[in-house]
Amino acid sequence: MLKPIFKGLISYLPGMSSFFSKRNPGSSSTSNYCYGVFLKHITILWENGLKKIPNTMVELGPGGSFGIGIAAMLSGVNNYYALDVVPVSRTENNLEMLKELAELLKKCDPRPRKGWPDFDLYLNDSLFPDDILQPDLLAATLTEERIDLILSAIKDSGAGTGSIRMEYIVPWQDKGSLENESADLILSHSVMEHVEDIDKAYSAMYEWLKPGGFISHQIDFRSHGTAYEWNGYWTYSDIMWRIMNGKLPYLINRQSCSAHIDVLLKRGFEIVYLKKRYENHGIKRAELDSRWHAISDDDLKCSGLFIQAKKR
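Computed from a predicted model, the values in this text were never measured in an experiment.

1. Quick notes on the overall build of the chain
The number of helices and strands found in the chain is 11 helices and 7 strands. Here the chain holds 312 residues, and 51% of them are scored as buried. Taking as baseline every contact in the chain between residues at least 6 positions apart, the subset at least 24 positions apart corresponds to 77%.

Below is the structure:
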């Protein structure tokens, strides 16, 4: 494909890397999207061992807003850390997100009707997890006083406001970005496919989690515009892939589903939930570059993974 090659080449020009990192904040700029993502993660976590709202949550790659974290704080999370590689989120987006998400939760709005049918069986008839976000809980977390505290934290990210803290860490590089055993939950949504060194990332997560803490990740293995076929990036040689990456701040890492699972297990996590998505079309084994000849048939067809794990 000529377009990704062209983008990779011009990323070496002065200022272009920064331009590409800021031009598309992504789906996280809409409140409905963030609301649905939060409900999905917390609902499935609840079914797999999490039995109270986390006190401290870390999100990797929040993108255009802290919407998922704000939804979590409006549901009882007190400390939220947003880690990203480039500063894309904007204060004005987050303030608007706070207002909209508070209204969605006050109404116990049903999760977005499109997408993610795999967690509907955990919801009530109104498509809301009322066994988790119970009326008494929401009455306490949606008070004007608490909403004002979250608003202040958004305006002064990193300073903290009483019992409420929100911090934006950009760029995060290694384990030293957060204190060891400080987090109850670490989540990401369509982010881990962009992390260059997944071994380093999962190792850091294990160190950051308190004993018994959880991670929850949805991972998208599709091509993200780098190829015509959803898994076409496995046809490129390493040299071609380096050209396409150029100096772009993030692309995709081309790691397979089993690579993520293997690293999680190696780092000591206990997997508590795993759901894969498959595509029946895509490239054939004969089209693979030599580097990927040993990939399994399952990985060749797996286009997505939702996985949750616990620190032993």
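2. A short note on the nonpolar core
If you look at the biggest cluster of nonpolar residues, it comprises 47 residues, and the most contacted ones within it are Leu60, Leu83, Ile186, Met192, Tyr202, Met205 and Ile215. Sequence-distant contacts of isoleucine 215, defined by excluding residues within four places in its chain, comprise Leu45, Ile186, Tyr202, Met205, Leu209, Leu264, Phe269, Ile307, Gln308 and Ala309. With 41 residues, the next largest nonpolar core counts Leu39, Met57, Phe128 and Leu142 among its residues.

3. Some words on the packing of helix 5 (residues 91-106) against helix 7 (residues 144-155)
For any two helices packed against each other, the geometry comes down to the angle between their axes and how far apart the axes lie. Two elements in contact, helix 5 and helix 7, have axes separated by 9 Å at closest approach and are oriented at 160°. Between helix 5 and helix 7, the crossing angle belongs to the class labelled roughly antiparallel. Note on packing geometry: the crossing formed by helix 5 with helix 7 is right-handed. Residue-level inspection shows Thr91, Asn94, Leu95, Leu98, Ala102 and Lys106 of helix 5 in contact with helix 7, the latter providing Glu144, Ile147, Ile150, Leu151, Ile154 and Lys155. Here the contact of helix 5 with helix 7 is composed, by residue class, of 7 nonpolar, 2 polar and 3 charged.

4. Examining empty space enclosed by the protein
One pass over the structure, following the stated rule, counts 1 cavity of 30 Å³ or more. If you add up the space inside the largest cavity, you get close to 40 Å³. Forming the boundary of the largest cavity are Glu193, Asp220, Phe221, Arg222, Tyr233, Ile252, Asn253, Arg254 and Gln255. Looking at the lining of the largest cavity, its residues break down into 3 nonpolar, 2 polar and 4 charged.

5. Things to note about the sheet that holds strand 5 (residues 209-220)
Spatially, 3-2-1-4-5-7-6 is the arrangement adopted by the 7 strands of the open sheet, whose pairing is mixed. Either end of the sheet is taken by a strand with one partner, and the two such strands are strand 3 (165-169) and strand 6 (269-278). With strand direction ignored, the average angle separating the axes of adjacent strands in the sheet is 10°. Across the sheet, helix 3 (residues 31-47) lies against strand 4 (183-189), strand 5, strand 6 and strand 7 (302-311), angled at about 130° from strand 5, the strand it touches most.

6. A word on the packing of aromatic side chains
Geometry of an aromatic ring pair is reported as the spacing of the ring centres plus the angle between the planes. Tallied over the full model, the rule gives 8 aromatic pairs. Ring geometry for tyrosine 233 versus tryptophan 234: centroids 5.0 Å apart, planes at 75°, classification edge-to-face. Taken individually, tyrosine 233 and tryptophan 234 each receive the classification buried, so the pair is uniform in this respect. Judged by centre distance (6.0 Å) and plane angle (80°), the rings of tyrosine 273 and phenylalanine 306 are edge-to-face. Note that tyrosine 273 is positioned in strand 6 and phenylalanine 306 in strand 7, a separation of 33 residues in sequence. Here tyrosine 273 and phenylalanine 306 have matching classes, each one buried. Feature note: the residues Phe66, Tyr80 and Tyr168 constitute an aromatic cluster, connected by ring pairs. When the ring centre of tyrosine 206 is taken as origin, the NZ or CZ atom of lysine 311, which lies over that ring, is 4.8 Å away.

7. A short note on the environment of glutamine 218
Positionally, glutamine 218 belongs in strand 5. Of the residues examined, glutamine 218 reaches a relative accessible area of 11% and is grouped as buried. Within the structure, the side chain of glutamine 218 is placed 2.6 Å from the side chain of lysine 40, a separation counted as a polar contact. A distance of 3.5 Å separates the side chain of glutamine 218 from the side chain of histidine 189, its partner in a polar contact.

Cut-off values and rules
- Residues numbered from 1 in each chain as written.
- Predicted model: local features only at pLDDT ≥ 70, side-chain atom pairs only at ≥ 80, totals over all residues.
- Heavy atoms only, no water.
- Helix = DSSP H or I, 4+ residues; strand = E, 2+ residues; numbered from the N terminus.
- Buried < 20%, exposed > 50% of the residue type's maximum accessible area, 1.4 Å probe, protein only.
- Contact = heavy atoms within 4.5 Å.
- Core = buried A, V, L, I, M, F, W, Y, C linked by side-chain atoms within 4.5 Å.
- Axes fitted to C-alpha atoms, helices over the stretch in contact; angles between N-to-C directions.
- Parallel < 35°, antiparallel > 145°, perpendicular 65-115°, else oblique.
- Left-handed = near helix turned anticlockwise from the far one by under 90°.
- Nonpolar A, V, L, I, M, F, W, Y, C, P; charged D, E, K, R; others polar.
- 1 Å grid on protein atoms, 1.4 Å probe; cavity = no way out; pocket = protein on both sides within 12 Å on 5 of 7 lines; lining within 4 Å.
- Points joined across faces, edges and corners; volume = space filled by probe spheres on them.
- Pairing = 2+ DSSP bridges.
- Phe/Tyr/Trp six-rings, centres within 6.5 Å; stacked < 30°, edge-to-face > 60°.
- Lys NZ or Arg CZ within 6 Å of the ring centre and 35° of its normal.
- Polar contact = N/O pair within 3.5 Å; in protein donor to acceptor, adjacent residues only side chain to side chain.

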